[in-house]
Amino acid sequence: MCWLLLPPPVFPMSTYPYVRGRESRGDLTSHPCAAMETERLLAPITALEIVDDHLVAGEGPYIAIYPLEPDASQSARCYKQVLRNYNIHGIKEQQKVAPGAKESPTLAVFGGKGLVFIELSLQSSTVKLAELFSFCELHDWIWDLQWLKAPSCVALALGHNSIALYDCTGQRILQEVHCQEKCILYSAHLVGSSWDTLVLVAGTVFNQLVVWCVADPADDTGRIKPRGRISGHNGVIFSICFLESKNILASASDDRSLRLWAIGDLRAPPDPVQCLLVCYGHQSRVWSVRLLSDYIISIGEDSACLMWNYQGEIVQTFKGHRGHGLRAVAVHERRGWVFTGGADAGIRHWQLKGKSVSGNSLMQLNFPSPQRRGSPRSVKLVDINHLLVITDAGAVYAYDLTSKAWTLILEDAAYRSYSLLEIIELISGDVLCAMGNLSGQVKVFPLCSPTEGKELKLYEGKVHSLSWASYPGQDPTACSLFVSGSAGTLLWLEVSFRPLEGVTLVVRQCFLLPLCKQRWHTCTAFLPQGEFLLCGDRRGSLMLFACKAALQLEKALGREKLGCSGLEAVSHLRGLTFPIGGEEPCAEGPVSLLFGLHGKLGVTSVTCHGDFIYSTGRDSCYRQLQVQGHQLQVLRKQKPCKGLEWLEELRFGPQGSMWVLGFHATHFVLWSASSNEMLLFIPCGGGHRSWSYIRCLSAEIFAYVKSGDVVMYQNKDAQGGQRILKASLHGRELTCVCHVGTLRTSREELVSIFATGSEDSMVNILAYGLQTQSVTQLTAIGDHISSVRALAVAKGSATQPEMGSISTVLFSAGGRAQIECFQILLTPNHGSSGSIVCQLIHMASHRLDEQWDLMKNRHKFIKMDPETRYMSITVLAGPSLFLAAACSDGSVRLFLLLEHTQKLWLVAESFHHQRCVLKVQAFECKTGGGGRRHFLSSAATDGSIAFWDITATLKHAVEAAKVESMEMKLLALEAPVLTIQAHSCGVNSLHIQETADGYFLVASGSDDGSISLSVIDVNAESTTDQGASDRTGIRVLRKVSRLCAHAAHVTGIRLLQPDFLLSASVDQRLTLWHLCEDSLSFVCSKFCHVADVAALECWEAGPHNFRNVICGQGLEIICCNPDVPGAAVKDCV
């Protein structure tokens, strides 16, 4: 039963005077004892400047200084706020009077209407920053700044096409002149070292460049006539650059082009000005352009940095930033350095003159010749100087890249038409080659002496595949060869070579592959301990075989037989007779099998690295696995980049770097997963061709067979394409943030872990050091196919921060009605100073489209909207994990996580709201009998908040999951217990918290900037056996509203103990409120440097100390101390 309530009264709010102060900027008067301080900001990089051996970056209003020495740490040596509440858009260094003089650099930093002058002190490994002239706020936007020869004077190009002479010492404008062209500027560039010689090139709103001089006489209105106008762009102009040595002017525009103009003398431009070059290469708007002596550098909204020559050709492309746009660029021409800052909050360092991969850089090795027999069928690189080719005539040739000569190694007519070739370099340095043919023969020979090879006839049919693998602890002169033949048999051969004894072949073991159409292996690898063999097959399955101990095998075969060759040595395996025919032999099957793990196109590689197993396939994904109890367990599935359909191999380098080898259509791709950069892109015709790639130190070679010849790409200077000074955050706007937990590292430092979701379909797991105030990305999740809108953590999971470990379950949901579930294991890395090890295990996933595919008689129903989005999720923790979701199609859905089957089942739903549901929040209360009742609240776009009693639904779902083997029947949520009209429009934020008296506070924020606070009493008596109570109900005791609490949507709200409320809004204000008896009392407010605030997360870091994270166009971590001495703490009821 539910009590019927009259609409609760709205208590009047006290009015608070607005005051204008130096830093208040129109906020309400703040309480002097409350404090909110920004500890860390991750925002778009909007300005870059090279000063000596340091890079100065502007991030929001903060200056960060990075060392540029090759061995220096990547962390910033200095990080300080200098520009109040304006974003930095320009940094200009004052030129030294005497070149080489040891003077402290002086920088002018500007952005918006703000201007400040700072002095850097660069001493060995320390950097100090001091304010030389204090912050000044001008009357107009500053587009450009030019240092003048006059002492302490600068020229400023302002937003309404005027130039101001600014006195730094007196902090005042001495003179301001205006142009006759009255318009708003989108860009400006000042040229000249004195006030009388100053020239401004302005990019106007009319898509023109206007050139005018300060020294020209003014007209009757006091304005100066332009000396020239330059037209040609079809969009507004975002950047202007002038190179005096060439008298060339460059402009970058909204029309995706950059143009070069023969301006000549800026003070006397020709009419008309000739356009020298129009360059189209960016896929979107061009933000900035720089002119160098030999090259042109441009950056754009497509996240690309392009290097052009003066003929308009793209010489080099730098790509590595995530998402939409580069915002800043700096160039050190003498050292060949390019630095780019992106909207992803990352900074990258590139080499100006690097390699360029195109079709012209490929060379043919001219194999066809009357002296060489056959056409190449397979190519293998031995090292950076040699490669091998086997032809359809059964001939093996070697090519020396130094002498550029072909040499015949051996020729065998038995291997013509069909032949396989695989090579390996032993630890001893010798190279062994293995060949297989159509008759079931396998020949192994050393490259140094091909005539000393040995041959075995293992099968009556053809040899399907060959692969080499190194057994752990094996003799340096030996290696393992795996051969697949008829009837799905996989033979393990031990091959050894000693110069005096020759080649020895011994069959160690015989395995049986699972039954399928294409029954042969494609890759093999031993586990580090050697007790298991990993194997991938052509069907896409990954399997695990048990290996017999080497000592037992030697006893079985007889140590005297190890040196034998031919069939004498192999005939000692019981149950096997050679050659193996078409009948399935008695062999050992896999102890663990993941059938079709990589689809139907096959597993391409399997690798052991660290404590994990990695497999790749032609399904565009790689898997991370581990062995638990002799069984393969998939931890996670990753797609390294979009468009890479065929993954061939993973290679691991130092410092956690990983390279992905694969194919995009007809191109070979080398992708750096750590730097998100394409290192190679070679048109080879596709992965079905025979190819080989090798990388050694700073050299790399790629060779492939095409049109009866061998084509090769060689680069002897294959250094990493970039250096990451500051890691990227997300490529697009952040939509959600969720605190996972806090733990202590091995150095006794507190580290808070939180997850962020974004429009770029990624979820990042971040670690924030409370003492160091640094943010480190632990891992990234890329399983979503659309934007991530909501994150939730099961708070009831096993967490032991005092033991230095966290184990919990993370849910992520978003576009295309997709939910992903992961188990997160966080432990301190005792082998490293203060780092955290994060392990992810994929538990389950769900999409509404999948439910549709499983539905019977679906032709009788209307298909679910594929564009349904999950707007918010909340976890109901207990013996079973339930997940509630707010959906854009007007429904509230309830899911049950079944860990044993790794499924997320949709158990109940309701379309009560009949409009988009924006928020859901779960809470529970104790019953009189010691049990608990579970409630769910949901808020929609009409401003209503509904409260549901879902205790019986949860109980029925758990019981059904125990007995149902098939998909359970969808339950229907009953009508809400109570619905209140909290707002007049959409509810963008919702938080519920229990008070000490057992009541519940319901706080919500709306589209209209208002905040509503309701106190509800939940009557939850003990339930009967049928799961219902005659006295269940919810009533509203009190309701308080604060109209116009913010000037825009309230997107985040949190109740803080004991009686405070924190709200965040799109108006970039984080406001702390005190909960009084009949009102919300303003405590303090802080301007946030994150635009388009989308979410707020809070957690308690200590007594009366909270850490708050707001996200949107960036991420900001704020420390809040809601301590108001003397304030009466009143009960809200």
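In this text, all values refer to a predicted model and were calculated from it rather than measured experimentally.

Cut-offs used in this document
- Residues numbered from 1 in each chain as written.
- Predicted model: local features only at pLDDT ≥ 70, side-chain atom pairs only at ≥ 80, totals over all residues.
- Heavy atoms only, no water.
- Pairing = 2+ DSSP bridges.
- Helix = DSSP H or I, 4+ residues; strand = E, 2+ residues; numbered from the N terminus.
- Axes fitted to C-alpha atoms, helices over the stretch in contact; angles between N-to-C directions.
- Salt bridge = Lys/Arg side-chain N within 4 Å of Asp/Glu carboxyl O.
- Buried < 20%, exposed > 50% of the residue type's maximum accessible area, 1.4 Å probe, protein only.
- Expected span 1.5 Å × (residues − 1).
- Arc of directions from axis to C-beta.
- pLDDT = per-residue confidence, 0-100.
- Contact = heavy atoms within 4.5 Å.

Caption draft 1: Main features of the sheet that holds strand β83 (residues 1069-1075). Here four strands make up an open sheet; going across it, the order is β81-β82-β83-β84 and the pairing antiparallel. The outermost strands of the open sheet, each flanked by one partner alone, are β81 (1050-1056) and β84 (1080-1087). Within the sheet, the average angular offset between the axes of one strand and its neighbour, ignoring direction, is 20°. When β81 meets strand β82 (residues 1060-1065), the two strands line up antiparallel, connected through six bridges. Bridging from a neighbouring strand, R1054 pairs with L1062 of β82.

Caption draft 2: Molecular detail of the pattern of salt bridges. Under the defined criterion, the tally for this structure stands at 28 salt bridges. Across the pair E59 and K726 runs a salt bridge, and its minimum N-O distance is 3.1 Å. With E59 in strand β3 (residues 54-59) and K726 in strand β58 (residues 722-726), this pair connects stretches of sequence that are 667 residues apart. You can call K726 buried: its relative accessible area is 8%. Salt bridges sharing common partners tie together D254, R285 and E301.

Caption draft 3: Quick look at the environment of K96. Relative to the helices and strands, K96 is located in the loop between β6 (90-93) and β7 (106-111). Accessibility expressed as a relative area gives 27% for K96, which makes it partly exposed.

Caption draft 4: Quick look at helix α3 (residues 951-963). Here α3 contains 13 residues, and its C-alpha end-to-end distance of 19 Å stays within 8% of the 18 Å for a straight helix at 1.5 Å per residue. When α3 is considered as a whole, its buried residues turn out to be T951, T953, L954, A957 and A961. Looking straight down α3, one finds that the buried residues subtend no more than 165° of arc, so they occupy a single side. For α3, the exposed residues lying more than 90 degrees away from the buried face are K962 and V963.

Caption draft 5: Representation of the confidence of the model for the protein chain in the model. Per-residue confidence for the protein chain averages 86 on the pLDDT scale, and 87% of its residues sit at or above 70. Scored below 50 in pLDDT, residues 550-571 shows 28 contacts in the model against residues more than four places distant or in partner chains.

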